[in-house]
Amino acid sequence: MRAKIINLGKRCNNNCFFCFNRGKEFEEDFKKLSGEISKGRRQGCEQIIFSGQEPTLYGKLEELVILARNAGYKAIQIVSNARMFFYKDFAERIIDAGMTELLAPLHSHQERTHDRTTGVSGSFAQAVGGLLNVRELSESRFPYKGVSVSLGTVVTRENVEELASIVRFCQKLKIKQLFFIKENFLKEEIAAPVFLKHLKEASEAARKAGLRLFTSGYGREELGKLAEIRYEDRIAGGKVIKPL
Ligand code: SF4
């Protein structure tokens, strides 16, 4: 499915240490964004991805999602740190407007590690609360909408040993898709054997949990003979790790 990516601006309520947009602040013009939504449909896109930095801070996000729905996009994805979805009325409005997919970062199964990564105390609790709200609302209030939730973990030295635990945590949250992301702006290097060891454990945990595990940004050579990789065209740049 062809995707139209719309960046709503540069503003975020997190402050992740690896974010290359830290400190930037501007919002795109609503009229310009509306035009981009229509243009995507004319180009034949069936999926739209609202991104940013943090698109939920954009004041007219709900209106944009409604515009996308009315324009005929089959899939409306929001890439968000999920903190705003902690507020149930906000989550309800955005799902009702037409969001069909949420892609959110979760850098650990532990509050301590996640909050240290985002630089915001309480961000883990809010993000997990937001994810639970979306799942719960999608099951109870909007069962016909079936909003899918995927998570992404930027692999750092802080969390590389937690990869399998993060998979098990996703299972508890009933998440079906998880990405392990290589962030090229990270100055730190994680030794390949260390990453592969923990990726292998995570892959096994994912197989048991029935969770689809992707890597993003890692080359075939980095993943070595660990797993057979195939490309998934629905999510740009993602690669599926087939269960070992
Ligand atoms: S949540 Fe995303 S956009 Fe916000 S600071 Fe972290 S990496 Fe940057």
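Residues numbered from 1 in each chain as written. Predicted model: local features only at pLDDT ≥ 70, side-chain atom pairs only at ≥ 80, totals over all residues.

Trainee: What is the right way to look at the overall build of the chain in this model?
Mentor: When helices and strands are tallied, the chain shows eight helices and eleven strands. Within the span of the chain, comprising 244 residues, buried residues form 39% of the whole. Counted over contacts in the chain with a minimum sequence separation of 6, partners at least 24 positions apart contribute 76%. (Helix = DSSP H or I, 4+ residues; strand = E, 2+ residues; numbered from the N terminus. Buried ≥ 20, exposed ≤ 12 C-beta atoms within 10 Å, placed from the backbone. Contact = placed C-beta atoms within 7 Å.)

Trainee: Mind showing me how you'd approach unusual backbone geometry here?
Mentor: It is generally the case that most residues other than glycine have a negative phi and that most peptide bonds are trans. A positive phi angle, close to 75 degrees, is found at alanine 82, a residue other than glycine. By the element assignment, alanine 82 lies in the loop between strand 5 (75–79) and helix 3 (88–97). Positioned with a positive phi, lysine 174 is a non-glycine residue whose angle comes to about 65 degrees. Within the secondary structure, lysine 174 is located in the loop between helix 6 (163–172) and strand 8 (177–181).

Trainee: Would you mind going over the confidence of the model for the chain with me for this structure?
Mentor: On average, residues of the chain carry a pLDDT of 88, and 90% of them reach 70 or more. Under a pLDDT of 50 for its full length, residues 228–237 has, in the predicted model, 16 contacts with residues more than four places off or in other chains. (pLDDT = per-residue confidence, 0-100.)

Trainee: Can you walk me through helix 3 in this structure?
Mentor: Since one α-helical turn is 3.6 residues long, residues separated by three or four positions face the same way. All of the buried residues along helix 3 are Ala91, Ile94 and Ile95. For helix 3, the arc enclosing every buried residue in end-on projection is 100 degrees, short of the 170-degree limit, so these residues lie on one face. Residues of helix 3 that are buried make contact with helix 2 (61–71) and helix 5 (123–140). Positive phi shows up at glycine 98, right after helix 3, with a value of about 140 degrees. (Arc of directions from axis to C-beta.)

Trainee: Explanation requested: the pairing of strand 6 (residues 101–105) in the structure shown.
Mentor: Remember that side chains alternate between the two faces of the sheet whenever the strand is regular. Taken across its five residues, strand 6 has four buried, putting it largely inside the fold. In terms of strand pairing, strand 5 meets strand 6 through three bridges, oriented parallel. Looking across to strand 6, one finds that valine 79 is bridged to leucine 103. Where the polypeptide runs from strand 5 across helix 3 and back to strand 6, its parallel neighbour, the crossover connection is right-handed. Note: strand 6 against strand 7 (residues 148–154), five bridges, orientation parallel. Following the sheet pairing, proline 105 is matched in strand 7 by glycine 152. (Pairing = 2+ DSSP bridges. Right-handed = clockwise from strand over helix to strand, strands pointing away.)

Trainee: Is there a simple way to explain the nonpolar core in this structure?
Mentor: Grouped burial of nonpolar side chains is what soluble globular proteins tend to show. Among the nonpolar cores identified, the biggest contains 54 residues, and Ile48, Phe50, Met99, Leu102, Val134, Val167 and Leu178 are the most heavily contacted of them. Among the elements that line this core, the one with the most residues is helix 5, at six residues. With near-sequence residues (within four places) excluded, leucine 102 lies in contact with Ile78, Ser80, Ala82, Val134, Val147 and Val149. (Core = buried A, V, L, I, M, F, W, Y, C linked by C-beta atoms within 7 Å.)

Trainee: It is not clear to me how the pairing of strand 9 (residues 212–216) should be interpreted in this structure. Could you clarify?
Mentor: Judged from the five bridges that link them, strand 8 and strand 9 form a sheet pairing that is parallel. Within strand 9, the residue paired with phenylalanine 179 across the bridge is phenylalanine 214. Taken together, strand 8, helix 7 (residues 192–209) and strand 9 form a β-α-β motif whose crossover is right-handed.

Trainee: What should I look at first to understand helix 1 (residues 30–42) in this one?
Mentor: Compared with an ideal rise of 1.5 Å per residue, which puts 13 residues at 18 Å, helix 1 spans 19 Å between its outermost C-alpha atoms and is within 8% of the ideal. Among all positions of helix 1, only Leu33, Ile37 and Gly40 are buried. Buried residues along helix 1 cover an arc of 65 degrees about the axis, so they all sit on one side. Looking at helix 1, the residues exposed on the side facing more than 90 degrees away from the buried face are Lys31, Lys32, Gly35 and Arg42. Elements that come into contact with the buried residues of helix 1 comprise strand 1 (3–7), strand 4 (47–51) and helix 2. Phi for glycine 44, located one or two positions after helix 1, is positive at around 90 degrees. (Expected span 1.5 Å × (residues − 1).)

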